[in-house]
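# Reading the structure
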Amino acid sequence: MVQSSVLGFPRIGANRELKKTTEAYWQGKVSSEELFKVGKEIRAHNWKLQKDAGVDVIASNDFSFYDQVLDLSLLFNAIPERYSKYNLAPIDTFFAMGRGLQKKATETEAAVDVTALEMVKWFDSNYHYVRPTFSHSTQFKLNGQKPVDEYLEAKALGVETRPVLLGPVSYLTLGKADKDSLDLEPLSLLEKLLPVYAEILKKLGEAGATSVQLDEPVLVLDLDEKTQGAFKTAYDFLGTQSGSPAITLATYFGTVVPNLAAIKNLPVSSFHFDFVRNPEQLDDVISILSDKQTLSAGVVDGRNIWKNDFAKSSALVKKAIEKLGADRVTVATSSSLLHTPVDLESEKKLDPVIKDWFAFATQKVKEIVVIAKNISGEDVSAELEANAKSISERASSSLTNNKTVQERVGAINDKLSQRAAPFPERLEAQKVFNLPLFPTTTIGSFPQTKDIRVNRNKFVKGTITPEEYEQFINKEIETVIRFQEEIGLDVLVHGEPERNDMVQYFGEQIDGYTFTVYGWVQSYGSRYVRPPIIVGDLSRPKPMSVKESVYAQSITTKHVKGMLTGPVTCLRWSFPRDDVDQRTQAMQLALALRDEVNDLEAAGVKIIQVDEPALREGLPLRAGDERTAYLQWAAESFRISTCGVQNSTQIHSHFCYSDLDPNHIKALDADVVSIEYSKKDDPKYISEFLNYPNHIGLGLFDIHSPRVPSYEEFNAKIAKILESYPAEKFWVNPDCGLKTRGWEETKLSLTNMVESAKHFRELY
Ligand code: GLN
Ligand code: ZN
């Protein structure tokens, strides 16, 4: 009988219970007992669901109140002194590291004021982990025993589990040195860390665990020799401890083939590989298995919402079995299911035809079991038939196929992605805008107030008419325009009050998209996102943003910048199709946006910004052909959307949350690009743009914080930048949109920013 395995299950709860309780705990509305109780209920529910479905290998320790990597830092006592010094309860130290803590002094307790550890994207997903942060004084030791407790908790419920932990090489490699120890190389801590790993493994063994899953996802990255060598050091040690559970070493999100030498001959009992992303690695990875080692074959996608193709997955697993025998192969999810929504059954509003194409985490658990049964020769013919029917219906459906769109993508040529003239000529034509030196602008959104959310809800529920809603939005736009005129900004925006989200807003107006009501996925901590789903070929039936931009332009004599979300960002922040490649989907979006850009121009909006904050995260994890191709088509899709305009129309773009390589920015050929810069402050970075003629807007303040930078602070910042960057190409703006800010700080910060730009205008 072939075994089935799930590498991890979403921990947010079917109704976002975890978010509600953690946030209530942070607000002091519920006790830690209540918080722990809810965590326990979610875990029990998840284990039972998997057990009832018939999964053989169920994960434990996949739960976290914030982030599983942060759990490890707490467990191993990698707690910087600025957190430990307060002697908070472990759960509060944990949250302080994850999100910072500011608390006034009370009669019995001292004040607390500490910022969070750095948070970074988890590989190429939209999940963020809290970066382990080490210093010379870090003393690894076991601080609690969460994995053991959760293993025993499951056992008490009658569920045997396989605890999962991030492995030591990935844990260190994904970490960084703290400010006070910048010369410290995290991987140099390996020898100190291993005994502590061994200790927790031993405790798991004593508790009864027969196997553990150690995740080493860094194996899908380009690794230097030292890191490759660390696997031998780590696993020769961990794999030979007496009393420890057997180790399954798991990787996902890419191919391990370039790093196979690093894991060959390791004393582990099993390997897990992702065959959804890289089915072609099968033969290579099998070739390194010793006679006793087993293979966990990830064939059900942990990163997407599509129903599995049972025929395809079964074929791959059978191929593995031919070489290894049925007792040495396990059918598994490609990665943890953390990145998928919890349960499709919650969706009552989805078109039943489309719903039949999806599988969320709960459904994927069942898929794993069906595939395992099928391979083992059990009768699952009804499931297989239904699956084949669903797959073929989706492939031929008129909802997925749009001939006109396919032909238009087929006809894309080089001319479509080139402006009519090079930048210097365009710059001449754009002198019509008559902008001063150090032109000031913002990134698009203004505070999304409670009033805006309330009215949007009323409109969605139908308690106000579309006309009433339009009036409300126009009033908001007018407020934003008047404010910008008043403080003297040069290029205005309409403020985006009509947008719930920068991708969903456009997705709702593009044919080929669908939406969920409960399809939440953890992005970080208690922040969850509900990505729209690209179901079919994408097209724009009518203009999407023209009305609001035209209204804004009609009430002012200053220039208003039109505001769109770019093709790559629309793609990356959605669940993409798995039956069509990403480039094609980006091109379809690019063409839809091109029509929108051209419509804006025709309607008199002559400055247009197309945001691409997600461009960086789409970058394939390894250097090589795939990455080169991505950069090429990502830039091309942006240019296709923006190159249909006159030379005199000014195209802007915007990037944030990422260290985007200056070369990738240049490849877009936007007239002006605004980037997040307030925390970068690195003259080396901007010097990369010195020979680039197009203009750059440097973000001068952090929009994540309510803090107001003073006029003097802006002056100092600008003066410093001017030491290495020329005034002629320098736009002045915040780091990003202001939607999460309040009006009070927005007004003060922008006023100081504009005054500072005026000050430098006089000097130059
Ligand atoms: N125009 C968007 C805004 O201002 C850009 C958001 C983003 O880059 N994330 O909100
Ligand atoms: Zn931004």
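First, a word on what this report is: a plain description of the structure on this page. (Residues numbered from 1 in each chain as written. Chains lettered and ligands numbered in written order. Predicted model: local features only at pLDDT ≥ 70, side-chain atom pairs only at ≥ 80, totals over all residues. Heavy atoms only, no water.)

### Points about the sheet that holds strand S14 (residues 329-333)
- Taken together, the eight strands give a closed barrel; going around it, the order is S1-S2-S8-S10-S11-S12-S13-S14, and neighbouring strands pair in parallel fashion. Pairs of neighbouring strands in the sheet enclose a mean axial angle of 30°, with direction left out of account.
- Here helix H6 (residues 146-156) sits on the sheet in contact with strand S2 (57-60) and strand S8 (161-166), set at roughly 160° to S8. (Pairing = 2+ DSSP bridges. Helix = DSSP H or I, 4+ residues; strand = E, 2+ residues; numbered from the N terminus. Axes fitted to C-alpha atoms, helices over the stretch in contact; angles between N-to-C directions. Contact = heavy atoms within 4.5 Å.)

### Section: the sheet that holds strand S15 (residues 491-492)
- Spatially, seven strands are ordered S15-S20-S21-S22-S23-S24-S25 in an open sheet, and the strand pairing comes out parallel. Unpaired on one side and paired on the other, S15 and strand S25 (730-733) mark the two borders of the sheet.
- Bridge analysis of strand S21 (residues 607-611) against strand S22 (residues 650-655) gives five bridges, and the strand direction is parallel. Bridging across to S22, Gln609 finds its partner in His652.
- Where helix H24 (residues 625-642) meets the sheet, it contacts S21 and S22, and its direction lies at approximately 145° from that of S22.

### Observations regarding the nonpolar core
- Core analysis: the biggest nonpolar cluster contains 91 residues, and Leu698, Phe730 and Leu750 have the highest contact counts within it.
- For Phe730, the contacting residues outside a window of four places in its chain are Phe438, Pro439, Ile696, Leu698, Ile718, Ile721, Leu722 and Tyr725.
- Counting residues in hydrophobic clusters, the runner-up holds 87 residues, among them Phe134, Leu174, Ala234 and Val256. (Core = buried A, V, L, I, M, F, W, Y, C linked by side-chain atoms within 4.5 Å. Buried < 20%, exposed > 50% of the residue type's maximum accessible area, 1.4 Å probe, protein only.)

### Thoughts on the environment of Asp669
- Within the secondary structure, Asp669 is located in the loop between helix H25 (662-666) and strand S23 (672-675).
- Residue classification places Asp669 among the partly exposed positions, given a relative accessible area of 25%.
- Sequence-distant contacts of Asp669, that is, excluding residues within four places in its chain, are made with Arg419, Phe423, Arg426, Arg639, Tyr692 and Asn694.
- Within the structure, Asp669 has its side chain in polar contact with the side chain of Asn694 (distance 3.1 Å). (Polar contact = N/O pair within 3.5 Å; in protein donor to acceptor, adjacent residues only side chain to side chain.)

### A short note on the site of ligand 1
- Taken together, 14 residues sit near ligand 1, with Ser445, Glu496, Asp611, Gly737 and Lys739 positioned nearest.
- One nitrogen or oxygen atom from the side chain of Glu496 is found 2.8 Å from a nitrogen atom belonging to ligand 1.
- Take Asp611: an N or O atom from its side chain is 2.6 Å from a nitrogen atom of ligand 1.
- For ligand 1, whose free accessible area comes to 300 Å², the fraction covered by protein is 98%.
- Grouping the constituent residues of the shell around ligand 1 by class yields seven nonpolar, four polar and three charged. (Near = heavy atom within 4 Å. Areas by Shrake-Rupley, 256 points an atom, 1.4 Å probe, with all protein chains shown as cover. Nonpolar A, V, L, I, M, F, W, Y, C, P; charged D, E, K, R; others polar.)

### Notes on the packing of aromatic side chains
- Taken as a whole, this structure holds 34 aromatic pairs when the rule is applied.
- Between Phe446 and Phe483, the ring centres sit 6.2 Å apart and the planes meet at 70°, which makes this aromatic pair edge-to-face. Here Phe446, found in the loop between helix H17 (423-429) and helix H18 (450-461), pairs with Phe483, found in helix H19 (residues 466-487); they are 37 residues apart in sequence, far enough to count as distant. For the pair shown, Phe446 and Phe483 are each scored as buried.
- Ring centres 6.1 Å apart and planes at 75° place the aromatic pair Tyr725 and Phe730 in the edge-to-face group.
- Over the face of the ring belonging to Phe63 we find Arg43, whose NZ or CZ atom lies 4.8 Å from the ring centre.
- Between Arg394 and the ring centre of Trp306, over which it is positioned, the NZ or CZ distance is 3.6 Å. (Phe/Tyr/Trp six-rings, centres within 6.5 Å; stacked < 30°, edge-to-face > 60°. Lys NZ or Arg CZ within 6 Å of the ring centre and 35° of its normal.)

No statement about biological role is implied by the geometric values presented.
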